Amino acid sequence: MMFEDVLAPLMFVVVFALIFSGYPVAFSLGGTALVFAGIGIQTGLLDAGLLYAFPSRVFGILSNFVLLAVPFFVLMGTVLERSKLAEDLLVTMGELFGSLRGGLALAVVVVGTLLAAATGVVGASVVAMGVISLPVMLRHGYQPSLAAGVICASGTLGQIVPPSVVLVVLADQLGVSVGDLFVGSLVPGLMLAAMYAIYVLVVAAIWPDLAPALPAPAGGRGAMVGRVVGVMVPPLLLIVLVLGSIFAGVATPTEAGALGALGALVLAMVRGRLTLSGLREAVDSTTQTTSMVMMLLVGSTLFALVFRGLGGDLLVEDLLVDLPGGRWGLLIVANLAIFILGFFIDFFEIAFILLPLLVPAAKLLGIDLIWFGVLIGMNLQTSFLTPPFGFALFYLRGVAPESLPTSSIYRGVVPFIAIQVVGLGLVAWFPGLVTGEW
């Protein structure tokens, strides 16, 4: 094998070695690219003039109107979290469903879906529900593994239920409309939530001791209905306003994100929970997340530029297109790679490293990129749950009481992983769930 044939693949070996060693991903990508650019120029395998394209690529990133939706949606979710929306929803929904067997777990699924649509941030949802719901469920006799499993699974719905930050990034990397990807992911996301709810109700019906009913709340049903309406209506209106404006074509996702961020600030202000310190924390968190995304984009852009200059894109494209099974072979290999990498690195990093390599092959094989993006989103959601490295497991472990063993958390997510695999299979087998074409 010639040296030029191994130089581009060696870039991936080096960059993943750096990432798994704990070195920051953005600098791993950029640093590896610079080193191999130097090697390529010295050996005559890379045209030095190619690097002159890098500044214009960076300018293109910074002027990308689609990516402007990321800080807006992150700010929206962070403000709603700081205003204790999650706490209000969980307490109120727990009162509404708690008198049913498995009702508190059902409330967690419903609230997890609402938080996914309101915040789109997995870590915030898992932590909030773990802090608020887990002690209540354990105190009332819920099986620890069931309680942990339903919280982790419901918290990861923020990966696939729009307006997810994951979907915004995936749309940018796939080169498709964010609005179309939001529309395509809506049915699969709600389908997963419904499958979680059905599982909880079936478990509670067969084994009532695992998910007992809670005592009826004080104040009577009329007072409870009033609390439910007061807590549910404002965030629901905000969700409908944001998603409805996108689906109706009235606003772009970026404009809808700005509207959502403003609506979250107004909602927090009306409830008297918009403090200067809380606003500062929300803005700081948004700035950190957005800066991380931008740095990853800059590093991955330089990496992709050098990788293509060394002919790596053609090698990967030929390899993926010639896989046995055609498009199904590509789908299987791509999803296995994403699933495994999801144990170790964040979805932003997966999107910026792998998708630029997968998308050209997917286009050549005639794969619908909206459907492909939803499959990737659901796959990333599954890897968030899978032991031993699933991020959602670490989020819950960080806030769970010491009396809850880690093994219970791992056991609890297994049925929900199976549900997600079934859901992923359904979406793969029936693309109409995404495209609406049957």
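The structure reproduced in this document is the subject of the present report. (Residues numbered from 1 in each chain as written. Predicted model: local features only at pLDDT ≥ 70, side-chain atom pairs only at ≥ 80, totals over all residues. Heavy atoms only, no water.)

## Brief notes about the overall build of the protein
Within the protein, the regular secondary structure consists of 20 helices and zero strands. Rg of the C-alpha trace for the protein: 23 Å, near the compact-globule value of 22 Å for 438 residues, within the 12% margin. Principal axes of the C-alpha set define a box for the protein whose edges measure 80 × 45 × 45 Å. Buried residues in the protein amount to 53% of all 438 residues. Put simply, 80% of the contacts in the protein that link residues at least 6 apart link residues at least 24 apart. (Helix = DSSP H or I, 4+ residues; strand = E, 2+ residues; numbered from the N terminus. Rg over C-alpha atoms; globule rule 2.2 N^0.38 Å. Buried < 20%, exposed > 50% of the residue type's maximum accessible area, 1.4 Å probe, protein only. Contact = heavy atoms within 4.5 Å.)

## Topic: the packing of aromatic side chains
Scanning the model with the defined rule gives six aromatic pairs in all. The interplanar angle of 65° and the centroid separation of 6.2 Å between the aromatic rings of Phe 73 and Phe 182 together place this pair among those described as edge-to-face. You can see Phe 73 sitting in helix α4 (residues 69-82) and its partner Phe 182 sitting in helix α10 (residues 178-206), a full 109 residues away along the chain. Note on accessibility: Phe 73 and Phe 182 belong to one class, buried. A ring pair is formed by Tyr 199 and Phe 416, whose centres lie 5.2 Å apart and whose planes are at 80°; its orientation type is edge-to-face. In this pair, Tyr 199 sits in helix α10 while Phe 416 sits in helix α19 (residues 406-429), placing the two residues 217 residues apart along the sequence. Judged by its relative accessible area of 1%, Phe 416 falls in the buried class. Among the aromatic residues, ring-to-ring pairing joins Tyr 196, Tyr 199 and Phe 416 into one connected group. (Phe/Tyr/Trp six-rings, centres within 6.5 Å; stacked < 30°, edge-to-face > 60°.)

## Focus: the packing of helix α17 (residues 369-385) against α19
The N-to-C vectors of α17 and α19 enclose an angle of 170°; their axes lie 10 Å apart at closest approach. Judged by the angle between their axes, α17 and α19 are roughly antiparallel. Within the contact between the two elements, α17 uses Trp 371, Val 374, Leu 375, Met 378, Asn 379, Gln 381, Thr 382 and Leu 385 and α19 uses Val 413, Phe 416, Ile 417, Gln 420, Val 421, Gly 423, Leu 424, Val 427 and Ala 428. Residues belonging to the contact of α17 with α19 are distributed by class as follows: 12 nonpolar, five polar and no charged. (Axes fitted to C-alpha atoms, helices over the stretch in contact; angles between N-to-C directions. Parallel < 35°, antiparallel > 145°, perpendicular 65-115°, else oblique. Nonpolar A, V, L, I, M, F, W, Y, C, P; charged D, E, K, R; others polar.)

## Side note on the environment of Asp 318
In this fold, Asp 318 is placed in helix α14 (residues 312-321). C-alpha separation for the pair Asp 318 and Ala 361, spaced 43 residues apart in sequence, amounts to 7.9 Å.

## Details of a nonpolar patch on the surface
A surface patch of nonpolar side chains, about 710 Å² in accessible area, is lined by Trp 328, Ile 332, Leu 336, Val 422, Leu 426, Trp 429 and Phe 430. At the level of secondary structure, the elements contributing two or more residues to the nonpolar patch comprise α15 (327-341) and α19. Its place among the elements puts Trp 328 in helix α15. (Patch = residues over 30% accessible without salt bridge, like charges linked within 9 Å, V, L, I, M, F, W, Y side chains within 5 Å. Areas by Shrake-Rupley, 256 points an atom, 1.4 Å probe, with all protein chains shown as cover. Salt bridge = Lys/Arg side-chain N within 4 Å of Asp/Glu carboxyl O.)

## Considerations on the environment of Trp 429
With respect to the helices and strands, Trp 429 occurs in helix α19. For the pair Trp 429 and Leu 210, spaced 219 residues apart in sequence, the C-alpha to C-alpha distance is 34 Å.

## Topic: the packing of α10 against α19
Following both chains from N to C, one finds α10 and α19 inclined at 145°, their axes separated by 10 Å at the closest point. For the crossing formed where α10 meets α19, the hand is right-handed. On α19, the residues touching Pro 188, Met 191, Leu 192, Met 195, Tyr 196 and Tyr 199 of α10 are Pro 415, Phe 416, Ile 419, Gln 420, Val 422, Gly 423, Leu 426 and Val 427. Looking at the contact of α10 with α19, its residues break down into 12 nonpolar, two polar and no charged. (Left-handed = near helix turned anticlockwise from the far one by under 90°.)

## Observations regarding the side chain of Thr 113
You can see Thr 113 is positioned in helix α6 (residues 103-118). When its relative accessible area of 15% is taken as the criterion, Thr 113 is described as buried. Residues contacting Thr 113, with those up to four places away along its chain left out, are Leu 157, Val 161, Leu 190 and Ala 193.

## A few points about the side chain of Thr 32
Along the chain, Thr 32 turns up in helix α2 (residues 25-43). We classify Thr 32 as buried; its relative accessible area is 3%. Apart from residues lying up to four places away in sequence, Thr 32 is in contact with Met 11, Val 14, Val 15, Leu 18, Phe 27 and Phe 303.

## Re the environment of Gly 94
Locating Gly 94 in the fold gives a position in helix α5 (residues 85-97). With relative accessibility at 10%, the residue Gly 94 sits in the buried group. Sequence separation of Gly 94 and Leu 7 is 87 residues, and the distance between their C-alpha atoms is 57 Å. In this view, Gly 94 contacts Leu 104 and Ala 107; residues no more than four positions away in its chain are not counted.

That's the geometry; what it means functionally is another story.
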